Amino acid sequence: MAQRFEVFEGLYEPFYDLQQEINRGVVWLFSRVDREVGPATANIELGSWQGLYVYFFMQLVALALIWTATHVLFDLIWPTFSKINPAHKKWYVVANFSKAFFLGMQCFSPTWFMYSFLQYRCTANPLLTFLNLPTQPDCNYHFHPNQPLVAKWAASTYVVTDVLAIFMVPKLPKTTLYHHVATGIFLFFVFHMNLDEAEVGRKVYLYGYWSTFSFMVNAFLSLRVLYEKRGSASKPMPLRVFAAVSAVIYSFCCFANWTLHLVWVVDGIAGNNWSTSDYVSNFIYLGALVVLVKDDLILMKWLVQYTLNTLPVKKRSAGKNSSKKTNSNNNNNKHSNKSNTKKNNKKNK
């Protein structure tokens, strides 16, 4: 198994890189399985599409164990965490801290920055040409022989937290659940795409690239559950400042993402650069992208409202209380009616 992987090691030198450590950990797990299972995995190469699924599954198992251990540890040593109510929100906190950590570490990864710049530098060229500005060289998908594979591993690292949250985080909001399902489906297609041929695949990577920079949003979502006073209309100022910074970064990332996608669409249609098959695949992708954009818009609006302390008061609890009051009033009326009826009967007798 070590021989299958050593060809990729040279890509990361001389930098420390989170993706390198994740890859080594997954390969170590795979080698343990390979030792136990033997012939069943003997012909699976990590560079094949079967190997990509094995890589993702190993990440999923490892992360599930990390989340469980983190949940138990936080419960034991962190009083604020242990007091979270309702208790299922603890998984929400662990999941968002996890995503913030992995996306944040990707942003500080020299390898990730290097291949991302080379892969996406040409995406703004149609806009730069229109503005009569200097353009960038063509996008390079082969500056290293295994660049497409490493890009798919990075995509797997991005999506694994979303997919695991579907199974381990109870009562996810519907828009968040749809977002996680959509990213999982996108990863499935990415695993089977050739970056040289599939323009849709490159745009999926582009969307993930800009989304990675918004890791602070996930950190804020965890901190809010931990330190916000439940039921209080006024939000703590430190959290509001954190929400403001997150909103600015998130808005910038979304604006850059959507602008480059719009440039791609306009250039493809106006420049007559799309074939009939391109129209079909590209518009299917854009239709699926609506799910992610809708969730982005909802979250952006929510962050702004949180910053301005103008979040609407939840009506659900008020509705429950009013219904309880109504029921109690009805019960009181029933009792009073019964007692009045009895009194009248006695008088008649």
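No experiment lies behind these values; they were computed from the predicted model shown.

**Concerning the pattern of salt bridges**
At step 1: Enumeration according to the criterion identifies four salt bridges in this entry.
At step 2: Linking R224 and E228 is a salt bridge whose minimum nitrogen-to-oxygen distance equals 3.9 Å. Comparing R224 with E228 shows no difference in burial state: the two are buried.
At step 3: K235 serves as the salt-bridge partner of E228, at 3.6 Å between the closest nitrogen and oxygen. Here the two residues E228 and K235 agree in accessibility, since each one is buried.
At step 4: When salt bridges that share partners are traced, they join R224, E228 and K235 into one network.

**With respect to the confidence of the model for the chain**
At step 1: Mean pLDDT over the chain: 80, with 77% of residues reaching 70 or higher.
At step 2: Here residues 38–42 is a poorly scored stretch, pLDDT under 50, and it has six contacts once near neighbours within four places are set aside; other chains count.
At step 3: Long-range and interchain partners of residues 316–326, a stretch whose pLDDT sits below 50, account for zero contacts in this model, where long-range means more than four residues apart.

**Describing the state of the cysteines**
Linking two cysteines covalently via their sulfur atoms produces the bond known as a disulfide.
At step 1: Taken as a whole and judged by the stated rule, the model has one disulfide.
At step 2: Between C122 and C139 runs a disulfide, and the two sulfur atoms are separated by 1.8 Å. On the S-S bond that ties C122 to C139, the torsion sits near -110 degrees, and the link is left-handed. One end of the pair, C122, is in the loop between α6 (110–120) and α7 (125–130); the other, C139, is in the loop between α7 and α8 (147–168), with 17 residues separating them in the sequence.
At step 3: C107 carries a free sulfur, and the closest cysteine sulfur to it, the one in C253, is 8.1 Å from it.
At step 4: Looking at the unpaired C254, the closest cysteine sulfur is the one in C253, lying at 6.9 Å.
At step 5: Exposure remark for C254: the relative accessible area of 5% places this residue in the buried category.

**Side note on unusual backbone geometry**
At step 1: At the junction of N85 and P86, the peptide bond is cis and its omega measures out at 5 degrees in the coordinates.
At step 2: Structurally, P86 can be placed in the loop between α4 (79–82) and α5 (89–107).
At step 3: Positive phi, close to 60 degrees, is recorded for N132, a residue that is not glycine.
At step 4: Looking at the element boundaries, N132 is found in the loop between α7 and α8.
At step 5: Here N309, not a glycine, exhibits a phi torsion of approximately 60 degrees, which is positive.
At step 6: Inspection of the secondary structure puts N309 in the loop between α13 (276–308) and α14 (315–348).
At step 7: Since its relative accessible area comes to 28%, N309 is described here as partly exposed.

**What about a nonpolar patch on the surface?**
At step 1: Taken together, V72, L73, L76 and I77 make up a surface patch of nonpolar side chains, about 420 Å² in accessible area.
At step 2: With respect to the secondary-structure elements, L73 resides in helix α3 (residues 49–77).

**Brief notes about the packing of α8 against helix α9 (residues 174–191)**
At step 1: Closest axis-to-axis distance for the α8/α9 pair is 9 Å, and the angle between their directions is 145 degrees. As α8 packs across α9, the resulting crossing turns out to be left-handed. Contacts between α8 and α9 involve K152, A155, S156, V159, D162, V163, A165 and I166 on the former and, on the latter, L177, H179, H180, V181, T183, G184, L187, V190 and F191.
At step 2: Along the lines of polarity and charge, the residues of the contact of α8 with α9 split into 10 nonpolar, five polar and two charged.

Conventions we followed
Counting starts from 1 at the beginning of each chain's written sequence and moves along it residue by residue. Local features in this predicted model are restricted to residues whose pLDDT is 70 or higher, and side-chain atom pairs enter the listing and the counts only when it is 80 or higher, whereas totals over whole chains, interfaces and linings include all residues. Where side-chain values are given, they derive from all heavy atoms of the structure, hydrogens and water being excluded. The term salt bridge refers to a side-chain nitrogen of Lys or Arg lying within 4 Å of a carboxyl oxygen of Asp or Glu. Relative accessibility thresholds used throughout: buried, under 20% of the residue-type maximum; exposed, over 50%; partly exposed, between the two (1.4 Å probe, protein chains only). Known as pLDDT, the predictor's confidence for each residue is given on a scale from 0 to 100. The contact criterion used throughout is that any non-hydrogen atoms of two residues lie within 4.5 Å. By disulfide we mean two sulfur atoms from cysteines, separated by a distance within 2.5 Å. Counting from the N terminus, the helices are DSSP H or I runs at least four residues long and the strands are E runs at least two residues long. Surface patches are defined over residues having more than 30% relative accessible area and no salt bridge, joining like charges when they lie within 9 Å and nonpolar side chains (Val, Leu, Ile, Met, Phe, Trp, Tyr) when within 5 Å. Only the protein chains shown count as cover for residues, with accessible areas throughout obtained via the Shrake-Rupley method and a probe of 1.4 Å. With axes taken as lines fitted to C-alpha atoms, and helix axes fitted only over the stretch in contact, angles between N-to-C directions fall between 0 and 180 degrees. In this scheme the handedness of a crossing depends on how the near helix is turned from the far one: anticlockwise by less than a right angle means left-handed, clockwise means right-handed. Amino acid classes used here: Ala, Val, Leu, Ile, Met, Phe, Trp, Tyr, Cys and Pro are nonpolar; Asp, Glu, Lys and Arg are charged; the rest, including Gly, are polar.

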